[in-house]
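# A look at the structure
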Amino acid sequence: DQQVKQNSPSLSVQEGRISILNCDYTNSMFDYFLWYKKYPAEGPTFLISISSIKDKNEDGRFTVFLNKSAKHLSLHIVPSQPGDSAVYFCAARDTSYGKLTFGQGTILTVHP
Amino acid sequence: EPEVTQTPSHQVTQMGQEVILRCVPISNHLYFYWYRQILGQKVEFLVSFYNNEISEKSEIFDDQFSVERPDGSNFTLKIRSTKLEDSAMYFCASGQGLQTQYFGPGTRLLVL
């Protein structure tokens, strides 16, 4: 099931710089997208979301951009901090009962 | 801040045994989910539950699996006869509506 793909397994960024995590999807029925952060041995923690009727949503240091025509979304973190180091998952909801389809995750490492 | 809790954090069982994984969703949430993540793989949807019944289930959720909300606070996942391939991290999630889902810390299940 490759409906949601995060093509970069890892990303390394210097503290203070921007982190950009990318996600592509194929199912045009997805209407809501979420980003989760996950530390080892913990559950995914909700970060930010965006509805398919918007193209941008911002919350503090986190901004999610959605390009529906390209079926692409990205998460920008600025400025990046060492505490942001974690696995980031993109997830998409279809129009049924809330089921989320996850990407494989991207390991973000922010170096001091 | 309210959070989803799960017990036990770890469970080791013998193949063929029954296991029950427990979750306490956030109290005013109406939608409940189970997901799992096999080591090195994506987080996968198992089942969604609303209004005391299953609203959607994946192909993984076969007759060996069942869910219950026995008392209005707990939400359980039962695996009747565990297989080696059931070894995974199991996450419970809940949502007030069909948008954001909040995840518990997970139960690590190991089937020997």
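What comes next concerns the included structure. The structure presented is a predicted model; accordingly, all values stated were derived computationally and were not measured. (Residues numbered from 1 in each chain as written. Chains lettered and ligands numbered in written order. Predicted model: local features only at pLDDT ≥ 70, side-chain atom pairs only at ≥ 80, totals over all residues. Heavy atoms only, no water.)

### Here we look at the overall build of chain B
- Looking only at helices and strands, chain B has 0 helices and 11 strands in total.
- The linear arrangement of helices and strands in chain B, starting from the amino end, is β-β-β-β-β-β-β-β-β-β-β.
- Taking 112 residues into account, the globule formula puts the C-alpha radius of gyration at 13 Å, and chain B, at 13 Å, falls close to it.
- Buried positions account for 48% of the 112 residues belonging to chain B.
- Looking at chain B alone, contacts between residues at least 24 apart form 53% of all its contacts between residues at least 6 apart.
- Accessible surface, chain B: about 5,700 Å² in total, of which carbon and sulfur atoms supply 47%.
- Computed over 9 positive and 13 negative side-chain charges, the inter-centroid distance for chain B is 3 Å. (Helix = DSSP H or I, 4+ residues; strand = E, 2+ residues; numbered from the N terminus. Rg over C-alpha atoms; globule rule 2.2 N^0.38 Å. Buried < 20%, exposed > 50% of the residue type's maximum accessible area, 1.4 Å probe, protein only. Contact = heavy atoms within 4.5 Å. Areas by Shrake-Rupley, 256 points an atom, 1.4 Å probe, with all protein chains shown as cover. Lys, Arg positive; Asp, Glu negative; His and termini not counted. Charge placed at Lys NZ, Arg CZ, Asp CG, Glu CD.)

### Some details on the interface of chain A and chain B
- Across the contact, 23 residues belong to chain A and 18 residues belong to chain B.
- Between chain A and chain B, roughly 1,800 Å² of surface is buried when both sides are summed, and carbon and sulfur atoms account for 59% of that area.
- When residues of chain A are sorted by the area they lose upon contact with chain B, Tyr97(A), Lys99(A) and Phe102(A) head the list and together hold 30% of the total.
- Here chain A is connected to chain B by 0 salt bridges.
- Counting the contacts that link chain A with chain B gives 7 residue pairs in polar contact (both at pLDDT 80 or more).
- Only strand S4 (32–38), strand S5 (45–51), strand S9 (86–93) and strand S10 (100–102) of chain A provide two or more residues apiece to the side of chain A that touches chain B.
- Counting residues per element, the side of chain A that touches chain B draws most heavily on S4(A), at 4 residues.
- Its residues assigned to classes, the side of chain A that touches chain B shows 11 nonpolar, 7 polar and 5 charged. (Buried area = accessible area lost by both parts, 1.4 Å probe. Salt bridge = Lys/Arg side-chain N within 4 Å of Asp/Glu carboxyl O. Polar contact = N/O pair within 3.5 Å; in protein donor to acceptor, adjacent residues only side chain to side chain. Nonpolar A, V, L, I, M, F, W, Y, C, P; charged D, E, K, R; others polar.)

### Thoughts on the state of the cysteines
Residues and elements named next belong to chain B.
- Per the stated rule, a full pass over the model turns up 2 disulfides over all chains.
- Covalent S-S linkage joins Cys23 and Cys92, the inter-sulfur distance amounting to 1.9 Å. Measuring handedness by torsion sign, the sulfur bridge of Cys23 and Cys92 sits at about -60 degrees and is left-handed. Placement of Cys23 in strand S3 (residues 19–24) and of Cys92 in strand S9 (residues 88–95) is noted, with a sequence separation of 69 residues between them.
- We classify Cys23 as buried; its relative accessible area is 1%. (Disulfide = S-S within 2.5 Å.)

### Looking at the sheet that holds strand S1 (residues 5–7) of chain B
Residue and element names in this part refer to chain B.
- Across the sheet, which stays open at both edges, the 4 strands sit in the order S1-S3-S8-S7 with antiparallel pairing between neighbours. Of all the strands in the sheet, just S1 and strand S7 (65–68) have a single pairing partner and so form its edges. Adjacent strand axes in the sheet meet at a mean angle of 20 degrees, parallel and antiparallel pairs treated alike.
- Where S7 and strand S8 (residues 75–79) come together, 4 bridges link them in antiparallel fashion. Counted as the bridge partner of Glu68 is Thr76 from S8. (Pairing = 2+ DSSP bridges. Axes fitted to C-alpha atoms, helices over the stretch in contact; angles between N-to-C directions.)

### A closer look at the side chain of Ser49(A)
- Tracing the backbone through its elements, the reader meets Ser49(A) in strand S5.
- Ser49(A) gets classed as buried once you look at its relative accessible area, which sits at 10%.
- Among all residues touching Ser49(A), those that are not within four sequence positions of it are Tyr32(A), Phe33(A), Leu34(A), Asn57(A), Val64(A) and Thr100(B).

### Here we look at the packing of aromatic side chains
- Using the criterion set out here, one finds 19 aromatic pairs over all chains in the structure.
- On the basis of an interplanar angle of 70 degrees and a centroid distance of 6.0 Å, the ring pair of Phe46(A) and Tyr102(B) is categorised as edge-to-face. With one member in each of two chains, Phe46(A) in strand S5 and Tyr102(B) in strand S10 (residues 102–103) form a pair that bridges those chains.
- Seen from their ring centres, Phe102(A) and Tyr35(B) are 5.8 Å apart, and the 80 degrees between their planes marks the pair as edge-to-face. Taken as a pair, Phe102(A) in strand S10 and Tyr35(B) in strand S4 (residues 31–37) lie in two separate chains rather than in one.
- The buried category is assigned to Phe102(A), whose relative accessible area is 1%.
- Tyr35(B) gets classed as buried once you look at its relative accessible area, which sits at 0%.
- Within the aromatic cluster, the residues linked to one another by ring pairs are Tyr36(A), Phe46(A), Phe89(A), Phe102(A), Tyr33(B), Tyr35(B), Phe45(B), Phe91(B), Tyr102(B) and Phe103(B). (Phe/Tyr/Trp six-rings, centres within 6.5 Å; stacked < 30°, edge-to-face > 60°.)

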